[in-house]
Amino acid sequence: DAGVTQSPTHLIKTRGQQVTLRCSPKSGHDTVSWYQQALGQGPQFIFQYYEEEERQRGNFPDRFSGHQFPNYSSELNVNALLLGDSALYLCASSYARTNEKLFFGSGTQLSVL
Amino acid sequence: SQQGEEDPQALSIQEGENATMNCSYKTSINNLQWYRQNSGRGLVHLILIRSNEREKHSGRLRVTLDTSKKSSSLLITASRAADTASYFCATGAPGGSEKLVFGKGTKLTVNP
C-alpha cells in the first residue's frame, strides 16, 4: 500500500520563475492538503482540495494555486517566486469521512535563489 | 500564524529517561494531534485526542488535554535514541478539521 508520494524531492529555482509540485495521496484517500514549512518552523496550511475543488485556504497570496485531478492526485503551483518561498512543501492526504488524521509525504524542498 | 506553542523548544535526555513536551493553544478546538518529524522530512501522526477526552495512551506515549487551560502534554516513557526527532502539536477547529494549525515544535534529542 503506497503512502503519500511527492515529486520532485528537491528543486532549485530563481526569483520570478514558476514551479509545480506534485502529490499522489495514499490509496483510499480523497482529500489532499498542502503545507509550507520554513526552516525551524511548524507547517503552515496553504489549502485543501476535495472533489477537485479548493475547500479551504490559509493565509497565502494568490500566487499559490492548486488543482486536484479525478484520481485525487494534486498539484501546487507557485508563480512569481520570491526568496521567501524557499521552504519544505508538504502534501498530506486524508479520507473526507474521517478527515482528522493526516498522512504526510516526504516533501519537496524548494530553494529560490 | 501558529496556533500552538510547544515548550520546551529543545530537550536533551538520556536513553531510558522520560520526555515531556507541552503545547498551549489559543482558540477552541475539536481535537489535538501530535506528530513527529525526522530530519525535516515528512510528519508522522502519533496520537489524536478529542476535546472531550482528558488522557490517551498509545504504547509508550501518553497525551493529556486540559481544555480549560488550553494546553496538552506529550509524555514519551523509556525513551530510545530512535525517538530523536521534532515533535509538533496540531489543533483541529470545531465544525471540521479542514486544516490543522501546527505549533513550532520541540526538538528532542535522546542520547545513547
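Residues numbered from 1 in each chain as written. Chains lettered and ligands numbered in written order. Predicted model: local features only at pLDDT ≥ 70, side-chain atom pairs only at ≥ 80, totals over all residues. Heavy atoms only, no water.

## Structural notes on the sheet that holds strand β1 (residues 5-7) of chain B
Across a sheet, paired strands are connected by hydrogen bonds in the backbone, their directions being either parallel or antiparallel.
Residue and element names in this part refer to chain B.
Part 1 of the argument: Read across the open sheet, the five strands follow the order β1-β3-β8-β7-β6; overall the sheet is antiparallel. The open sheet terminates on both sides in strands that have one partner only, identified here as β1 and β6 (55-58). For this sheet, the mean inter-axis angle between neighbouring strands, taken without regard to orientation, is 15°.
Part 2 of the argument: Pairing analysis gives six bridges linking strand β3 (residues 19-24) to strand β8 (residues 71-76), with the strands arranged antiparallel. Bridging across to β8, C23 finds its partner in S72. (Pairing = 2+ DSSP bridges. Helix = DSSP H or I, 4+ residues; strand = E, 2+ residues; numbered from the N terminus. Axes fitted to C-alpha atoms, helices over the stretch in contact; angles between N-to-C directions.)

## Overview of the state of the cysteines
Part 1 of the argument: Inspection of the entire model under this criterion finds two disulfides over all chains.
Part 2 of the argument: The disulfide partner of C23 of chain A is C91 of chain A, and the S-S distance across this bridge is 1.8 Å. Residues C23 of chain A and C91 of chain A are joined through a disulfide that is left-handed, its torsion about the S-S bond being -60°. Here the residue C23 of chain A occupies a position in strand β3 (residues 19-24), and C91 of chain A occupies one in strand β9 (residues 87-94), the gap between them amounting to 68 residues. Take C23 of chain A and C91 of chain A: they sit in the same class, and that class is buried.
Part 3 of the argument: Here C23 of chain B engages in a disulfide with C89 of chain B; their sulfurs sit 2.0 Å apart. Residues C23 of chain B and C89 of chain B share a disulfide whose torsion about the S-S bond is about 65°; that sign makes it right-handed. (Disulfide = S-S within 2.5 Å. Buried < 20%, exposed > 50% of the residue type's maximum accessible area, 1.4 Å probe, protein only.)

## Looking at the packing of aromatic side chains
Residue and element names in this part refer to chain A.
Part 1 of the argument: Tallied over the full model, the rule gives eight aromatic pairs over all chains.
Part 2 of the argument: Ring plane angle 65° and centroid distance 5.1 Å describe the contact between F60 and F64, whose orientation is recorded as edge-to-face. Accessibility assignment for this pair places F60 and F64 in one class, buried.
Part 3 of the argument: Lying across the ring of F103, K26 places its NZ or CZ 5.1 Å from the centre.
Part 4 of the argument: Positioned above the aromatic ring of Y50 is the side chain of R55, whose terminal nitrogen or guanidinium carbon lies 4.8 Å from the ring centre. (Phe/Tyr/Trp six-rings, centres within 6.5 Å; stacked < 30°, edge-to-face > 60°. Lys NZ or Arg CZ within 6 Å of the ring centre and 35° of its normal.)

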